[in-house]
Amino acid sequence: MSVQWFPGHMHLTRQAIAERVKSIDVVIEMLDARLPGSSANPLLTELTSGRPTLKVLNKQDMADPERTALWLAHYNAQPQTRAIALDASHTAPAKALMAACGELAPLRGGMVKPLRILICGIPNVGKSTLINALMGKRSAKTGDEAGVTRHEQRIALADDVYLFDTPGMLWPRIVVPESGFNLAASGAVGRNAYDDQAVALELLTRLQSHYAALLEARYALGWSAQQWQDTPDDAALEAIARKRGAIASGGHVNWQKAAELLIADFRSQHLGRITLESPEEFGRWLAAGLKADAQRQAQKKERPKAPRRKR
Ligand code: G4P
């Protein structure tokens, strides 16, 4: 099972970004600090390639600080890239953001050459929350200007800083299956795009390998870290279900309820601060995903086309 979705209306957003990026100095790419690699939109990377980029690892309050530090170091080592971690409790994030953007485009600023920033991110990553915090008391949305479509809004952050906001965008095809599961677990994709039980089992696998102590703290099964790591995911989910009363008539496990419970505990942070992937791990998934995808595309090309039906 893999996670897929069909974002038809997102073609327009893609066009708006492709058009706007031509006159942009810095791209702010908002990522979910719990899944930085998986929440990075490959389509966006393609559209904005060559532009200085500020990676904002948002929701850092929900993520594992050790892994956040690894991701920041990973991104800060890339050319034309800066990375900072934020969360909604930063009521005045503008200073840190502007400083980072200024470093990326040192020649911009002032009324003659205002700094033009494009902000992008997947749905639910916290873009509106950040923009509201950036705007403070300003309410300078100027979406009805020429060239500003309803797929983009221009916000004046200062007299010489413009922020172009785009709607949250996903991408048409998931090449890295692990990313699909992580996005589903985080709540970034609609419920009808995935199967709760498959997502819960994948989530549990990640938690078992890195966060056994947090699982034990939450579910108190009396298991050692080794036991959490060694138990197959379905057996671990069954043990959680029994402990938490996710039982159907006849004493059978209610798998759906158990899956929902685990996913809800992750999303609500009842399990603690968790990051589902490290840069190294994500790098491996990406390499394997790209390889498998290239093979699929090659097979598709080789397959004889079905004959056209006569009208
Ligand atoms: P979007 O524009 O990118 O789609 O995302 P939005 O700002 O609407 O944020 C999506 C959800 O994430 C909201 O929660 C918001 O409060 C939460 N959020 C945003 N930034 C942070 C952060 O840094 N840390 C944490 N913990 N949460 C954050 P919601 O439950 O959908 O709405 P609400 O009732 O909290 O407003």
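Figured I'd write up the structure that's included with this text.

Ordered in space as β3-β2-β1-β4-β6-β5, the six strands form an open sheet in which the pairing is mixed. At either margin of the open sheet sits one strand with a lone partner, and together these are β3 (81-85) and β5 (153-158). Neighbour to neighbour, the strand axes of the sheet diverge by 25° on average, direction disregarded. Together, β1 (26-32), β2 (53-58) and β3 form the strand contacts of helix α3 (residues 65-76), whose direction differs from that of β3 by roughly 160°. Sitting on the sheet, helix α5 (residues 127-135) is in contact with β1, β4 (115-121), β5 and β6 (161-165), with an inclination near 150° to β4.

Every other side chain in a regular strand lies on the same face of the sheet, so the side chains alternate between the two faces. Counting buried positions over the seven residues of β4 gives six, a clear majority of the element. Relative to β4, β1 is paired through five bridges, and the arrangement is parallel. Bridged to V27 within β4 is L118. Examined bridge by bridge, β4 and β6 share five bridges and lie parallel to one another. Its bridge partner lying in β6, L118 is registered against F164.

What follows is about the nonpolar core. I28, L54, L97, Y219, W228 and L262 are the most contacted members of the largest nonpolar core, which totals 77 residues. In terms of domain composition, this core takes at least three residues from each of domain 1 (8-165) and domain 2 (195-292). With sequence-adjacent residues up to four places away left out, I28 is seen in contact with L54, V56, L97, C101, I117, L118, I119 and C120. Ranked by size, the runner-up nonpolar core spans 13 residues in total, among them W71, A85, V176 and W285.

Attention now moves to the site of the ligand. Close to the ligand lie 13 residues, the nearest being A88, N124, K127, S128 and T129. Separating a nitrogen atom of the ligand from a side-chain N or O atom of N58 is a distance of 3.3 Å. Interatomic distance of 3.2 Å between a backbone N/O atom of V125 and an oxygen atom of the ligand. When the ligand sits alone it has 710 Å² of accessible area, and the protein chains cover 55% of it. At three residues, the largest contribution of residues to the shell around the ligand is made by α5. Per-class residue counts for the shell around the ligand are four nonpolar, five polar and four charged.

Turning our attention to the packing of helix α7 (residues 196-210) against helix α11 (residues 255-267). Across the interface, α7 lies against α11 with an axial gap of 9 Å and an inter-helix angle of 50°. When the axes of α7 and α11 are compared, the pair comes out oblique. Note on packing geometry: the crossing formed by α7 with α11 is left-handed. Residues D196, Q197, V199, A200, L203, L204 and L207 of α7 touch α11, and the partners they reach there are W255, Q256, A259, E260, L262, I263 and F266. For the contact of α7 with α11, a count of residues per class yields 10 nonpolar, two polar and two charged.

Attention now goes to unusual backbone geometry. Within the chain, K59 stands out as a residue other than glycine whose phi angle is a positive 60°. Positive phi, close to 75°, is recorded for N124, a residue that is not glycine. Within the element layout of this structure, N124 appears in the loop between β4 and α5.

Criteria and cut-off values
- Residues numbered from 1 in each chain as written.
- Predicted model: local features only at pLDDT ≥ 70, side-chain atom pairs only at ≥ 80, totals over all residues.
- Heavy atoms only, no water.
- Pairing = 2+ DSSP bridges.
- Helix = DSSP H or I, 4+ residues; strand = E, 2+ residues; numbered from the N terminus.
- Axes fitted to C-alpha atoms, helices over the stretch in contact; angles between N-to-C directions.
- Contact = heavy atoms within 4.5 Å.
- Buried < 20%, exposed > 50% of the residue type's maximum accessible area, 1.4 Å probe, protein only.
- Core = buried A, V, L, I, M, F, W, Y, C linked by side-chain atoms within 4.5 Å.
- Domains from an automatic or database assignment.
- Near = heavy atom within 4 Å.
- Polar contact = N/O pair within 3.5 Å; in protein donor to acceptor, adjacent residues only side chain to side chain.
- Areas by Shrake-Rupley, 256 points an atom, 1.4 Å probe, with all protein chains shown as cover.
- Nonpolar A, V, L, I, M, F, W, Y, C, P; charged D, E, K, R; others polar.
- Parallel < 35°, antiparallel > 145°, perpendicular 65-115°, else oblique.
- Left-handed = near helix turned anticlockwise from the far one by under 90°.

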